[in-house]
Every structure is written in C-alpha cells, then in structure tokens.
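Geometric and topological summary
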Amino acid sequence: AYSNISTMPNTFLTPKERERYQEFPDSIEESTLRQYFHLTGNDFYFISRFHGKLNRLAVAIQIGIIRYLGHLPASWQEDIGMDVLAFVASELKFRHDKIRIENYGKRYRTRVEHLQSILKYLGFRKWQSASDEPLMEKWLVEQGMEHDHQRYLLDNLCEKLRKEKIFRPAISALEELVAGIKELLELETYERLS
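The rules behind the values
- Residues numbered from 1 in each chain as written.
- Predicted model: local features only at pLDDT ≥ 70, side-chain atom pairs only at ≥ 80, totals over all residues.
- Heavy atoms only, no water.
- Helix = DSSP H or I, 4+ residues; strand = E, 2+ residues; numbered from the N terminus.
- Contact = heavy atoms within 4.5 Å.
- pLDDT = per-residue confidence, 0-100.
- Expected span 1.5 Å × (residues − 1).
- Buried < 20%, exposed > 50% of the residue type's maximum accessible area, 1.4 Å probe, protein only.
- Arc of directions from axis to C-beta.
- Phe/Tyr/Trp six-rings, centres within 6.5 Å; stacked < 30°, edge-to-face > 60°.
- Salt bridge = Lys/Arg side-chain N within 4 Å of Asp/Glu carboxyl O.

In this section: the environment of Ile-118. Along the polypeptide, Ile-118 turns up in helix α7 (residues 108-122). Between the C-alpha atoms of Ile-118 and Ala-60, which are 58 residues apart in sequence, the distance is 9.2 Å. When near neighbours in sequence (up to four residues on either side) are disregarded, Ile-118 contacts Phe-46, Val-59, Gln-62, Ile-63 and Ile-66.

And the structure:
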C-alpha cells in the first residue's frame with residue numbers, strides 16, 4: 001500500500017492557477033451547454049419537487065455544473081455566464097431576465113439540502129479521504145510512470161473523479177496528493193529497474 005512519505009505540504013500551482021480550478025469557466029461552447037446543461041425528462045421531474053422558479057432554476061444550473069465539472073464552485077452564482085443562465089432558463093421555459101440567481105439560497109441550510117439532493121439524484125458521492133486517497137495515490141503513481149507532469153496528472157485526476165461520480169474535494173487536497181507522489185514515483189521506478 002502506498003502512503004505519503006513527505007509530511008510537508010506540497011504545492012505546485014500558482015495562486016492564479018489554483019483559483020482557475022475553483023471557478024466556473026468564463027465561457028462555454030454551445031455543444032458543451034447542450035451536452036451537460038440540457039434537461040432530460042427525469043431532470044424535469046426531479047426539479048419539479050423544488051418550490052419556486054428561483055429554486056428550480058438554481059437546481060437545474062447546479063445539475064449541469066456538477067455534470068460538467070464534477071464539483072460546484074463556491075462562487076458559481078456570481079461566475080455563471082449569461083449564456084448558461086439563458087440556456088437553462090429556456091429549458092425550463094422561464095424568462096431569465098426576471099429571475100435574479102444571486103438571490104438563491106440566502107439560507108445556508110437551503111443550499112446544503114439542495115446540494116445533497118442533487119448529488120444523490122446524479123449518483124455522485126462525496127470524497128472520502130481515508131478510502132479514496134490511497135486508491136487515487138496508487139492510480140496516480142501508475143499514471144505518473146508514463147507522464148509525470150504535475151498539472152497533467154491533476155487534470156486527469158479531476159476528470160477521473162468526475163467520471164467516477166466522486167464529488168471533487170477542494171483543489172488544494174488534490175494538489176497535495178499529486179505533489180506527494182514524486183517520492184513514490186522515484187521508489188516505484190527504482191523497484192521496477194531493480
């Protein structure tokens with residue numbers, strides 16, 4: 001079993017790069033909007049359980065964001081582009097100019113309860129450090145044997161979590177995991193060569 005050798009925190013992203021991983025993208029292509037933000041019949045049924053247009057629109061947007069990114073940026077309401085807002089509102093047959101998305105979830109508990117419901121609906125589970133870290137560390141070592149560029153490994157790890165429907169933890173936790181495999185890669189390389 002693998003375990004982190006270094007006890008010092010490992011980072012390799014610049015503050016700007018770290019911010020990029022935690023924000024919603026500035027723009028999204030039309031094909032991406034249709035792929036991740038289009039609402040299915042099941043989506044409509046799920047969304048209908050929430051009261052009020054604002055809640056329904058916010059839940060629909062969060063469904064698309066989680067499908068697309070595998071996580072929910074903390075500032076998604078401020079960062080969401082007009083293209084996404086207009087697309088999802090049109091799917092719901094709402095006028096997006098009449099709804100102020102920044103007013104969603106004034107109660108913290110509302111946002112938490114909605115997110116838990118959305119994750120359950122989408123089949124996502126939350127990251128469990130104790131069980132997920134060792135598995136992902138082992139996977140990263142295998143990936144790193146072929147390509148050990150840290151940003152490449154971090155991007156692939158984020159994509160793997162999304163595909164496996166594991167709700168991505170804070171990027172700093174994944175950054176530290178990726179940075180921590182450097183020594184493990186050296187050991188693995190030495191073992192394979194010997």
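Of the residues in the protein chain, 92% reach a pLDDT of 70 or more, and the chain-wide mean stands at 91. Across residues 1-8 the pLDDT falls below 50, and counting only partners more than four positions away or on other chains, this stretch makes 13 contacts in the model.

This part is about unusual backbone geometry. Even without being glycine, Lys-93 reaches a positive phi, approximately 60°. Within the secondary structure layout, Lys-93 lies in the loop between α6 (82-92) and α7.

Because an α-helix packs 3.6 residues into every turn, residues spaced three or four apart end up facing the same way. The terminal C-alpha atoms of α7, which comprises 15 residues, lie 21 Å apart, in line with the 21 Å expected from a rise of 1.5 Å per residue. Of the positions making up α7, those classed as buried are Thr-110, His-114, Leu-115, Ile-118, Leu-119 and Leu-122. Looking straight down α7, one finds that the buried residues subtend no more than 160° of arc, so they occupy a single side. Turned more than 90 degrees off the buried face of α7, the exposed positions are Arg-109 and Lys-120. In this structure, the buried residues of α7 make contact with α3 (41-47), α4 (53-69), β1 (125-126) and β2 (166-167). Where α7 terminates, the next one or two residues include Gly-123, which has phi positive at roughly 80°.

The next subject is the packing of aromatic side chains. What the rule picks out here adds up to five aromatic pairs. Relative to Tyr-68, the ring of Tyr-36 has its centre 5.2 Å away and its plane inclined at 45°; by these criteria the two rings are tilted. Within this pair, whereas Tyr-36 is found in helix α2 (residues 30-37), its partner Tyr-68 is found in helix α4, the two being separated by 32 residues in sequence. Exposure remark for Tyr-36: the relative accessible area of 15% places this residue in the buried category. Residue class for Tyr-68 comes out partly exposed when judged on its relative accessible area of 22%. With centroids separated by 6.0 Å and ring planes inclined at 55°, the aromatic side chains of Trp-76 and Tyr-104 adopt a geometry described as tilted. Residue Trp-76 is located in helix α5 (residues 76-79), and its partner Tyr-104 is located in the loop between α6 and α7; the two are separated by 28 residues in the primary sequence. For Trp-76, a relative accessible area of 3% translates into the label buried. Following the ring pairs from residue to residue traces out a cluster consisting of Tyr-36, Phe-37 and Tyr-68.

Scanning the model with the defined rule gives 12 salt bridges in all. Across the salt bridge formed by Asp-132 and Arg-125, the nearest N and O atoms sit 2.7 Å from each other. What makes Asp-132 buried here is its relative accessible area of 3%. The class for Arg-125 is partly exposed, based on a relative accessible area of 38%. Across the pair Glu-164 and Lys-160 runs a salt bridge, and its minimum N-O distance is 2.5 Å. The class of Glu-164 is partly exposed, set by a relative accessible area of 41%. Look at the salt bridges and you will find they share partners, linking Glu-159, Arg-162 and Lys-163 into a network.

A word on α4. With 17 residues, α4 ought to run about 24 Å at 1.5 Å a step, and its terminal C-alpha atoms sit 24 Å apart, in line with that. Residues of α4 that are buried: Leu-57, Ala-58, Val-59, Ala-60, Ile-61, Gln-62, Ile-63, Gly-64, Ile-65, Ile-66 and Leu-69. Where α4 terminates, the next one or two residues include Gly-70, which has phi positive at roughly 80°.

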